[in-house]
Amino acid sequence: MNLNVKFMISDIPTVLSALPVTLELTFASLFFAILLAVLFGVCILKKIPVLKQFVIGLNTFIKGVPLIVQLLFCYYALPYVLRAFDGVLGYTYDPKHPSYFGFAVVAFAFNYGAYMTDVVVSSYRAVDKGQLEAAYSVGMSTFQAMWRIVIPQAVVISLPNLSNYFMWLLKATSLASVVNVFELLATARASTAVNYAILEGYLVAAGIYWAVCILAEQILKRINKKMNRYQKTVSAV
Amino acid sequence: MAMVELKNIRKKLGGVDILNGVDLSVEEGEVVVILGPSGSGKTTLLRTINFLAPADQGTITIDGLTVDSQKHHHKETLALRRKTGMVFQNYNLFRNKTVLQNITEGLTTVRKIPHEQAVETAMALLKKVNLENRASAYPAQLSGGQQQRVGICRALALNPKVILFDEPTSALDPELVGEVLGAMRAVAKSGITMIVVTHEISFARDVADRVIYMEGGVIVEQGSPKEVIESPKDERTLRFLRSLLNEPMEPANITYK
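Residues numbered from 1 in each chain as written. Chains lettered and ligands numbered in written order. Predicted model: local features only at pLDDT ≥ 70, side-chain atom pairs only at ≥ 80, totals over all residues. Heavy atoms only, no water.

**Digging into the packing of helix α7 (residues 142–172) of chain A against helix α9 (residues 198–227) of chain A**
All names here are of chain A.
Moving on, step 1. Contact geometry of α7 with α9 gives a least axis separation of 10 Å together with a crossing angle of 175°. By the angle between their axes, α7 is roughly antiparallel relative to α9. The segment α7 lies against α9, with Val155, Val156, Leu159, Pro160, Ser163, Phe166, Met167, Leu170 and Lys171 engaging Tyr209, Val212, Cys213, Ala216, Glu217, Leu220, Ile223, Asn224 and Met227.
Moving on, step 2. Within the contact of α7 with α9, the residues separate by chemical class into 14 nonpolar, two polar and two charged. (Axes fitted to C-alpha atoms, helices over the stretch in contact; angles between N-to-C directions. Helix = DSSP H or I, 4+ residues; strand = E, 2+ residues; numbered from the N terminus. Parallel < 35°, antiparallel > 145°, perpendicular 65-115°, else oblique. Contact = heavy atoms within 4.5 Å. Nonpolar A, V, L, I, M, F, W, Y, C, P; charged D, E, K, R; others polar.)

**Regarding the pattern of salt bridges**
Moving on, step 1. Counted by the stated rule, this structure contains 14 salt bridges over all chains.
Moving on, step 2. Of the charged contacts, one joins Glu105 of chain B and Arg148 of chain A as a salt bridge, the two residues approaching to 2.2 Å between their closest N and O atoms. With Glu105 of chain B in helix α3 (residues 99–110) and Arg148 of chain A in helix α7, the pair connects residues from two separate chains.
Moving on, step 3. Arg210 of chain B serves as the salt-bridge partner of Glu30 of chain B, at 2.9 Å between the closest nitrogen and oxygen. Linking Glu30 of chain B in the loop between β2 (16–26) and β3 (31–35) with Arg210 of chain B in strand β9 (residues 210–215), this pair joins segments that are 180 residues apart in sequence.
Moving on, step 4. For Glu30 of chain B, a relative accessible area of 13% translates into the label buried.
Moving on, step 5. Residue Arg210 of chain B is classed as buried on the basis of its relative accessible area, which comes to 14%.
Moving on, step 6. Here the salt bridges share partners, and the residues they tie into one network are Arg148 of chain A together with Lys97 and Glu105 of chain B. (Salt bridge = Lys/Arg side-chain N within 4 Å of Asp/Glu carboxyl O. Buried < 20%, exposed > 50% of the residue type's maximum accessible area, 1.4 Å probe, protein only.)

**What to know about helix α1 (residues 42–49) of chain B**
Residue and element names in this part refer to chain B.
Moving on, step 1. Of all eight residues in α1, seven are buried; the element is thus mostly enclosed.
Moving on, step 2. Those residues of α1 not exposed but buried are Lys42, Thr44, Leu45, Leu46, Arg47, Thr48 and Ile49.
Moving on, step 3. Positive phi shows up at Phe51, right after α1, with a value of about 65°.

**Some words on the nonpolar core**
Moving on, step 1. Among the nonpolar cores identified, the biggest contains 95 residues, and Leu126, Ile152, Met184, Met194 and Ile195 of chain B are the most heavily contacted of them.
Moving on, step 2. Filtering out sequence-adjacent residues up to four positions away, Ile152 of chain B remains in contact with Val87, Phe165, Val180, Ala183, Met184 and Val187 of chain B.
Moving on, step 3. Leu30, Phe108, Met167 and Ala205 of chain A belong to the second-largest nonpolar core, a separate cluster that totals 40 residues. (Core = buried A, V, L, I, M, F, W, Y, C linked by side-chain atoms within 4.5 Å.)

**Here we look at the interface of chain A and chain B**
Moving on, step 1. At the interface, 25 residues of chain A touch 27 residues of chain B.
Moving on, step 2. Summed over the three residues of chain A that lose the most area to chain B, namely Ser137, Val138 and Tyr230 of chain A, the buried surface amounts to 26% of that side.
Moving on, step 3. At the surface where chain A touches chain B, the tally comes to two salt bridges.
Moving on, step 4. One can count twelve residue pairs in polar contact (both at pLDDT 80 or more) joining chain A with chain B.
Moving on, step 5. Where the side of chain A that touches chain B is concerned, the elements lending two or more residues are α6 (129–137) and α7 of chain A.
Moving on, step 6. Here the element with the most residues in the side of chain A that touches chain B is α6 of chain A; it accounts for seven residues.
Moving on, step 7. The class makeup of the residues in the side of chain A that touches chain B is ten nonpolar, ten polar and five charged. (Buried area = accessible area lost by both parts, 1.4 Å probe. Polar contact = N/O pair within 3.5 Å; in protein donor to acceptor, adjacent residues only side chain to side chain.)

**Some thoughts on the environment of Leu238 of chain B**
Residue and element names in this part refer to chain B.
Moving on, step 1. Positionally, Leu238 belongs in helix α9 (residues 235–244).
Moving on, step 2. Owing to a relative accessible area of 34%, Leu238 belongs among the partly exposed residues under this scheme.
Moving on, step 3. Separated by ten residues in sequence, Leu238 and Val228 have C-alpha atoms that sit 8.8 Å apart.

**Let's talk about the sheet that holds strand β4 (residues 57–62) of chain B**
Residues and elements named next belong to chain B.
Moving on, step 1. Ordered in space as β2-β1-β4-β5, the four strands form an open sheet in which the pairing is antiparallel. Only two strands of the sheet have a single partner each, and these edge strands are β2 and β5 (65–68). On average, adjacent strands in this sheet sit at an angle of 20° to one another, irrespective of strand direction.
Moving on, step 2. Together, β1 (4–13), β2 and β4 form the strand contacts of α1, whose direction differs from that of β1 by roughly 120°.
Moving on, step 3. Of the strands in this sheet, β4 and β5 touch helix α2 (residues 74–81), which is tilted by about 135° from β5. (Pairing = 2+ DSSP bridges.)

As structure tokens, this is what we get:
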């Protein structure tokens, strides 16, 4: 077996051109996943009746069903949902141009949101209760205590876990190639249609994913380190 | 009129009676030390005063503001808390803030004092406890004794009517207790009303205006340090003080095989 190295090199720019889509998909999904995780987390932490049970039920369902199934579900089911909203608040449903990207974001957001809910809940609980009491003791309102003391510490505690989920999500977006999103993997596969150098195309994709992940890991490591500086026992001075 | 007035404070925790009707009146500038075995309710009593653990029953009056434990609005609780300061057993300094920010936080966020002025107040306080050179350090970088001294500064900065000390030296290594007690003695001298829960008998003897002995959720005995510590009237007080001094307990003739 010999690899078509010349094709591989020429294929790199083609596949790279789809990297923005992969990154957009990752960040859009991450944004909504965190939003959902915080909403779900508040329902659980505040023990809001009905909502708490609903969130827990929904999350066990999401965690118990493969991500690819959820992507396919959104791909086939969401168009019906959108059609139902046709004409509501000036929205017009366009059956010819369904937003495959949007459907994928919904699936990723709910899937990762379910997992990140646990991160939100456990990070909040990991903040020493004395911190809140100390904030109260200097006269802060609950909002001030949360916003200035508890949440900043919970965020720092959650960062390593969130970083992991980010890395997983970045790679998981490749599954969206199955549901008509022309992200990195789908583009790599399409680029091989000319000469059937399928293995080469996938190798290029793998290499790019790897490079992006290494870069992302280094950046996240630095952010983690910076945010964690106050936990260090030895003074930097 | 008394600075702090507690009337018939009762509280249950997990179905167990912790406080069974405590009445306490503390005058302005008075230093009250509360002694008692663990589980006697002394820490809980302290926490009912600033509503960190609201009592089930009873009223709390600080500096003329009376709040009923049973029906309190959160605005009242906030107002009451702003008349108090607290020093915690585990220091509870804000971990994500520097030493300086720990002290200025309450001033700028709660009292809305301009930043420069808050820093000035904080630095002056830090100087008093010899920590002005650690202003930019984070709590994790300080020893327990240093953290607790910052904790005292944080409470003092808000110029409270009364400072509540919840076993401020219990979590410290023995060699660090002295520096914290020293800071507390200085606070006492400044004339601020203090309610101190502690096991430091020497502090109680030297600094307290009044010593209270609690057991079983009630005040068993109270009086001047001399009265309570040197000649306790109640047998329970005597037994507790002896156990603190490691004197032999009854029965004295325990034998080991």
